[in-house]
Amino acid sequence: MSGAAALTLAALATTLCAAPAASASDPGGMIGRGEAMDRAWSWIAEQVPYSQSGCHENQFGCYRPDCSGYVSMAWHLNSSLTTWDLWNVTVDVPANDLQAGDALLRDSGGTDHVALFLRWADGAHTQPVVREEYDFGHVAEERTWTDGLRGFSPRRYNRLDDLMPYGTIGAKYDAMGGPNSPLGAPTRGERDASLGGRFQAFQNGIVIWHPDAAYAIYGDILQKFWATDAERRWGFPTMDEAEAAQAPNGTRGRYQFFEQGLFLWSPQTGTHVVHGAIYEAFHAAGHEKALGYAVTDEMDEAGGKVQQFQKVTIHWTPAKGTWITNN
């Protein structure tokens, strides 16, 4: 694994462990992934020893401290189920759709065990990171199964609320106002983005995460982002959308910076991306306050590139660099 990949995975682990505690569910009721993983972390923090008798009690209730009791506690079930009983409250999911709070379950071939899935330790999705109570002489812990799924079935608790935002994305969504924000209600659960990120879709936009921050993208800027190959082309956002300056002709709009470009929008001009050497010239000349908003994307021109703005056109060639002409 590269150093960059290791950093990404470590940062993802931080977002899952250090996020604010999720809202409390009712016993046997719907539960979000964030709350399930908060509950699971409590036994790891308390170093609860494995046992097949009795129960361990904390703020999350009293559950048998074996593998299935641990998962029952994490999911806030009414009681400590056995590995056999857990089949009855879960459904199969594809391994490539495993998400934090799902389970890996097996009761065949001499193995009766269940663990909570947290994330993949590798980009090839062959080494699951799990939280589990797994044998006498051990305590609840988070560890990587370096030998793969080993015949375990990916399962999802049938009362797990896949849509409920959690972790850093959940914190961002809540800070924006939740369902009353410009994003609206969630429409799908958090999933992998390209390049080591995560995202969640809402009625009117997305929140996308990449170590170590999450930002919202919505409206016309999101439509442009999607239409131009998203984070694979522009990288991840480095800020939320904000109000842009007023152009000389009175145009007002919005902007959002990404790792590889500036998305600039106004009602009159739509959304266009300014990047590379043309962006540097745009920036040096005073941005939209001086030059107006972009009215085209960057285009080819006689061995170079060109982009039109409301007041000027910015040209670029490898030999000459950038120069500005009035419209």
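Rules used throughout
Residues numbered from 1 in each chain as written. Predicted model: local features only at pLDDT ≥ 70, side-chain atom pairs only at ≥ 80, totals over all residues. Heavy atoms only, no water. Phe/Tyr/Trp six-rings, centres within 6.5 Å; stacked < 30°, edge-to-face > 60°. Buried < 20%, exposed > 50% of the residue type's maximum accessible area, 1.4 Å probe, protein only. Pairing = 2+ DSSP bridges. Helix = DSSP H or I, 4+ residues; strand = E, 2+ residues; numbered from the N terminus. Contact = heavy atoms within 4.5 Å. Axes fitted to C-alpha atoms, helices over the stretch in contact; angles between N-to-C directions. Disulfide = S-S within 2.5 Å. Parallel < 35°, antiparallel > 145°, perpendicular 65-115°, else oblique. Nonpolar A, V, L, I, M, F, W, Y, C, P; charged D, E, K, R; others polar.

Q: How do you make sense of the packing of aromatic side chains when you look at a structure like this?
A: What characterises a pair of aromatic rings is the spacing of the ring centres plus the angle enclosed by the ring planes. All chains considered together, the criterion is met by 13 aromatic pairs. For the pair F117 and W120, a centre-to-centre distance of 5.2 Å together with 65° between the ring planes defines the contact as edge-to-face. Here the two residues F117 and W120 agree in accessibility, since each one is buried. Measuring from centroid to centroid gives 4.6 Å for F258 and F263, while their planes differ by 50°, and the two rings are tilted.

Q: Even after reading the chapter, I still don't get the sheet that holds strand β12 (residues 198-202), so can you show me in this structure?
A: The strands making up a sheet associate through hydrogen bonds between their backbones, and the pairing can be parallel or antiparallel. A sheet is described by the order of its strands in space; here four strands give the open sequence β11-β12-β13-β14, paired in antiparallel fashion. Single-partner strands in this sheet number two, and they are β11 (191-192) and β14 (213-218). The pairing of β11 with β12 spans two bridges and is classified as antiparallel. Bridge pairing links D192 to R198 in β12. Of the strands in this sheet, β12, β13 (205-210) and β14 are in contact with helix α5 (residues 167-176), which crosses β14 at around 55°. With respect to the sheet, helix α6 (residues 219-227) is in contact with β13 and β14, its orientation differing from that of β14 by roughly 100°.

Q: Honestly, the environment of P49 in this entry has me stumped. Any pointers?
A: Topologically, P49 is positioned in the loop between α2 (33-46) and β2 (56-58). Given the relative accessible area of 52%, P49 is considered exposed. Measuring from C-alpha to C-alpha, the distance between P49 and A242 comes to 50 Å, with 193 residues separating the pair along the chain. Residues in contact with P49, not counting those within four places in the same chain, are P65, E133, H138 and V139.

Q: I'm lost on the sheet that holds strand β18 (residues 270-274) in this one. Help?
A: Across the sheet, which stays open at both edges, the four strands sit in the order β15-β16-β17-β18 with antiparallel pairing between neighbours. The open sheet has two edge strands with one neighbour each: β15 (242-243) and β18. Sheet topology places β15 next to strand β16 (residues 254-258); two bridges connect them, and they run antiparallel. Pairing of A242 across the sheet is with Y255, part of β16.

Q: Please clarify how the state of the cysteines should be interpreted in this entry.
A: Simply put, disulfide is the name for a covalent bond between the sulfur atoms of two cysteines. Counted under the stated rule, the structure contains one disulfide. With its sulfur 1.7 Å from that of its partner, C55 forms a disulfide with C62. Note on the C55 and C62 pair: the S-S dihedral is about 50°, so by sign convention the disulfide is right-handed. Accessibility expressed as a relative area gives 44% for C55, which makes it partly exposed. Free cysteine: C67, not disulfide-bonded; nearest cysteine sulfur from C55 at 16 Å. Residue classification places C67 among the buried positions, given a relative accessible area of 5%.

Q: Looking at this model, I keep getting lost on the packing of α2 against helix α3 (residues 67-74). Mind explaining?
A: The description of two helices packed together rests on the angle between their axes and the distance between the axes. Interaxial distance between α2 and α3 falls to 8 Å at its minimum, and their mutual angle equals 135°. The angle between α2 and α3 falls in the class oblique. Note on element contacts: α3 touches α2 through G69, Y70, M73 and A74, opposite A36, R39, A40, W41, S42, W43 and I44. Per-class residue counts for the contact of α2 with α3 are eight nonpolar, two polar and one charged.

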